[in-house]
Amino acid sequence: MANVSYKELGLVNTKEMFAKAIKGGYAIPAYNFNNMEQMQAIVQAAVETKSPVILQVSKGARAYANGTLLRYMAQGAVEYAKELAANMAAKDPSYANFKPQIALHLDHGPSFEVAKDCIDNGFSSVMYDGSALSYDENVAETKKVVEYAHAHGVTVEAELGVLGGVEDDVAAEESKYTKPEEVVDFVTKTGCDSLAISIGTSHGRCKFTPEQCTRGADGVLNPPPLAFDVLEAIEKEIPGFPIVLHGSSSVPQEYVREIEKFGGKIPDSVGIPEEQLRKAAKSAVCKINIDSDGRLAMTAAIRKHLAENPGDFDPRQYLKPARDELVKMYSRKNIEVLGSAGHLDD
C-alpha cells in the first residue's frame, strides 16, 4: 500500500498545539486507545469540551488493532468529530465553525523502523523512546527518527530519563530522574520537538510500591509528590520548550473499588494526584499521557453491567455504558485537570 500523509487524513501534528498550550497554561490530553469504543469516547469528549486531543497508540495496540485499520480509524475520528459538531451546531451556534484538532501519535516507539512505518501510514506525531540506551545512543537514534519525520512534516517526541513501572511493551524496575544539565545538549543535538521527562510519574495502574507511599486510614496508598524542583530546573535550561509527562493516570479509586466489588482484584493501585497534574499543566508541560485510567473506567463499567445484567450477551449492551463512562471521565479530565477545554479557537 502506498504511503499516506497525515494531512490527507485530516490530522494535525503537535507543533502548533504545544505552542498554544504553553502560552495558555494548559496541557493537551494524550489518551491511549485500543478499540473503537475508546476512540469514540475520546473524540466525543474532545468535541463536547472543545479541546484539542492526541489519539495515542502504543506498539502493542498497533499490533492488536492492525496498522491499516488504525489509519482509517484516525481518518474516521476526524470525520466523526465534524459530524458531532455539526449536530451540536443546530442547538449551539458556537459549533458552527468547529474545526477539530486531532493528532495521531505513536507512544513509546521502540525503533527507527517502527517510527518510519507509522509516519508512512499517516501518523502525525511519533515518539522514539531511547531512554534505555546510553546517552550517546539515545541521541543518535533520536536524531535519525527526527530527520525522517521532519522531512514528512511529522513531529517527534523524545525521552530523557527513565520512568518506572510496566505498561504494554514498556517496563523498567526503577525510575531515574531526568538530569537538567543534559537537556540543552540533548534537545540541540537531536532536534526533537518535545521532551518526555522523568519527575516521579510511572507507568501502569500501580505507580509506586507500598514502601514508597504512606497509607491513609481508609487503607488507600498516598503517593510521594512529583519532583517539581527537577521540572523547574529543566524549564530554566530550555525555557518555552514543550515538556511531556508519561505515566500520568490518577488511578481513580472509585473505579478500583467498582472492579473489586464485581469480582476483580487490583490491590494497592495508586496514581498521580490530579492537583499535581493540574500544577504541571500550568507550566511548560504541554502534553500529559493518560492510559490506565481509561482501562480502569472501561473495565469497571463492563464488570458492573454484566454483574447486574447476567443475561446480556450482546457486546453492545455492555460496551455502550463503558463508552459512556469514558466520555464522562475524559471530559472531566479536559475541564478540571488538564485545562484544555475551550482552547480549540486559541
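Here the residue numbers are simple positions, counted from 1 along each chain's written sequence. Thresholds applied to this predicted model are a pLDDT of at least 70 for local features of residues and 80 or more for the giving and counting of side-chain atom pairs; totals over whole chains, interfaces and linings are not thresholded and use all residues. The side-chain values count all of the structure's non-hydrogen atoms but skip hydrogen atoms and water molecules.

Undergrad: How do you make sense of helix α12 (residues 315-337) when you look at a structure like this?
TA: Helical geometry note: an α-helix holds 3.6 residues per turn, so side chains three or four residues apart project in the same direction. The helix and strand labels rest on DSSP assignments: H or I over at least four residues marks a helix, E over at least two residues marks a strand, and numbering proceeds from the N terminus. Each residue after the first adds 1.5 Å to the expected span of a helix. With 23 residues, α12 should cover 33 Å at 1.5 Å per step; its first-to-last C-alpha distance of 31 Å lies within 8% of that length. The cut-offs for exposure are 20% and 50% of the maximum accessible area for each residue type, with area from a 1.4 Å probe on protein chains only; residues under the lower value are buried, those over the upper are exposed, and the others partly exposed. Those residues of α12 that sit buried are Leu319, Ala322, Leu326, Val327, Met329, Tyr330, Ser331, Lys333, Asn334 and Val337. Each element contacted by the buried residues of α12 is listed here: β1 (28-32), α2 (36-48), α9 (253-261), α10 (274-281), β13 (285-290) and α11 (292-308). Count one or two residues on from α12 and you reach Gly339, which has phi positive near 75 degrees. Whether two residues are in contact is decided by their heavy atoms, any of which lying within 4.5 Å being enough.

Undergrad: Can you help me understand the pattern of salt bridges in this one?
TA: Pairing is possible between side chains that carry opposite charge, provided their charged atoms lie close to one another. Throughout this description, the term salt bridge denotes a Lys or Arg side-chain nitrogen within 4 Å of a carboxyl oxygen of Asp or Glu. Within this structure, the stated rule accounts for 14 salt bridges. Linking Asp117 and Arg62 is a salt bridge whose minimum nitrogen-to-oxygen distance equals 2.8 Å. Of this pair, Asp117 sits in helix α5 (residues 112-120) while Arg62 sits in helix α3 (residues 59-65); the two residues are 55 residues apart in sequence, bridging distant segments of the chain. In this structure Arg62 comes out as buried when scored by relative accessible area, which is 12%. Glu79 is paired through a salt bridge with Lys82; the nearest N and O atoms lie 3.5 Å apart. Taken together, the residues Glu79 and Lys82, both in helix α4 (residues 67-89) and 3 residues apart, mark about one turn of the helix.

Undergrad: Whenever I open this one, the sheet that holds strand β4 (residues 125-128) confuses me. Can you help?
TA: Where strands meet in a sheet, backbone hydrogen bonds hold them as pairs that are either parallel or antiparallel. Strand pairing requires that DSSP identify at least two bridges connecting the strands. Read around the barrel, 8 strands follow the order β1-β2-β3-β4-β5-β8-β12-β13 and close on themselves; strand pairing throughout is parallel. On average, each strand axis in the sheet is inclined to that of its neighbour by 25 degrees, with strand direction left out of account. Note: strand β3 (residues 102-109) against β4, 3 bridges, orientation parallel. Across the sheet, the residue bridging to Gly109 is Tyr128, located in β4. Running over the sheet, helix α1 (residues 15-24) touches β1, β2 (53-58), β3, β5 (155-160), β8 (194-197) and β13 and is turned about 110 degrees from β13. Under this scheme, a helix contributes an axis fitted over its contacting stretch, all axes are lines through C-alpha atoms, and angles between N-to-C directions fall in the 0 to 180 degree range.

Undergrad: Just to check I follow, could you spell out α9 for this structure?
TA: Buried within α9 are the following residues: Tyr255, Val256 and Ile259. Here the buried residues of α9 occupy an arc of 100 degrees about the axis, which is enough to place them on one side. On the buried face of α9, the contacting elements are α11 and α12. Among the residues trailing α9, Gly263 stands out with phi positive, at a value near 105 degrees. By construction, the arc corresponds to the directions joining the helix axis to the C-beta atoms.

Undergrad: I tried to follow the environment of Leu226 on my own but got confused; where do I start?
TA: Note that Leu226 resides in the loop between β11 (221-222) and α8 (228-237). The sequence separation of Leu226 and Thr201 amounts to 25 residues, and the corresponding C-alpha distance is 7.0 Å. Apart from the residues lying within four places of it in its own chain, the contact partners of Leu226 are Ile199, Gly200, Thr201, Ile272 and Gln276.

Undergrad: When you look at the pairing of β1 in this model, what are you seeing that I'm missing?
TA: Strand residues, when the strand is regular, have side chains that alternate between the two faces of the sheet. A large share of β1 lies buried, amounting to 5 of its 5 residues. Neither face of β1 is exposed, since Ile28, Ala30 and Asn32 on one face and Pro29 and Tyr31 on the opposite face are all buried. The pairing of β1 with β13 spans 4 bridges and is parallel. Across the sheet, residue Ile28 finds its bridge partner in β13, namely Lys287. Sheet analysis places β1 next to β2, joined by 3 bridges and oriented parallel. Paired with Tyr31 across the bridge in β2 is Leu55.

Undergrad: Looking at this model, I keep getting lost on the packing of aromatic side chains. Mind explaining?
TA: By convention here, two paired aromatic rings are described through the distance between centres and the angle between planes. Here the aromatic set is Phe, Tyr and Trp, taking the six-membered ring for Trp, and pairing holds for ring centres within 6.5 Å; pairs whose planes are under 30 degrees apart are stacked, those over 60 apart are edge-to-face, and all others are tilted. On inspection of all chains with the given rule, the structure shows 4 aromatic pairs. With a centroid separation of 5.9 Å and 80 degrees between ring planes, the pair formed by Phe112 and Tyr148 is classed as edge-to-face. You can see Phe112 sitting in helix α5 and its partner Tyr148 sitting in helix α6 (residues 135-150), a full 36 residues away along the chain. Across this residue pair, the class does not change: Phe112 and Tyr148 are buried.

Undergrad: Please clarify how the environment of Ala41 should be interpreted in this entry.
TA: Checked against the element boundaries, Ala41 lands in helix α2. Taking the C-alpha atoms as reference points, Ala41 and Gly294, 253 residues apart in sequence, are found 9.8 Å from one another.

Undergrad: Explanation requested: the packing of α9 against α11 in the structure shown.
TA: α11 packs onto α9 with a crossing angle of 35 degrees between their chain directions and a minimal axis gap of 8 Å. Crossing of α9 over α11 shows left-handed handedness. Here Tyr255, Val256, Glu258 and Ile259 of α9 come into contact with α11, specifically with Leu296, Ala297, Thr299, Ala300, Arg303 and Lys304. Left-handed is the label given to a crossing in which the near helix is rotated counterclockwise from the far helix by less than a right angle, and right-handed is the label when the rotation is clockwise.

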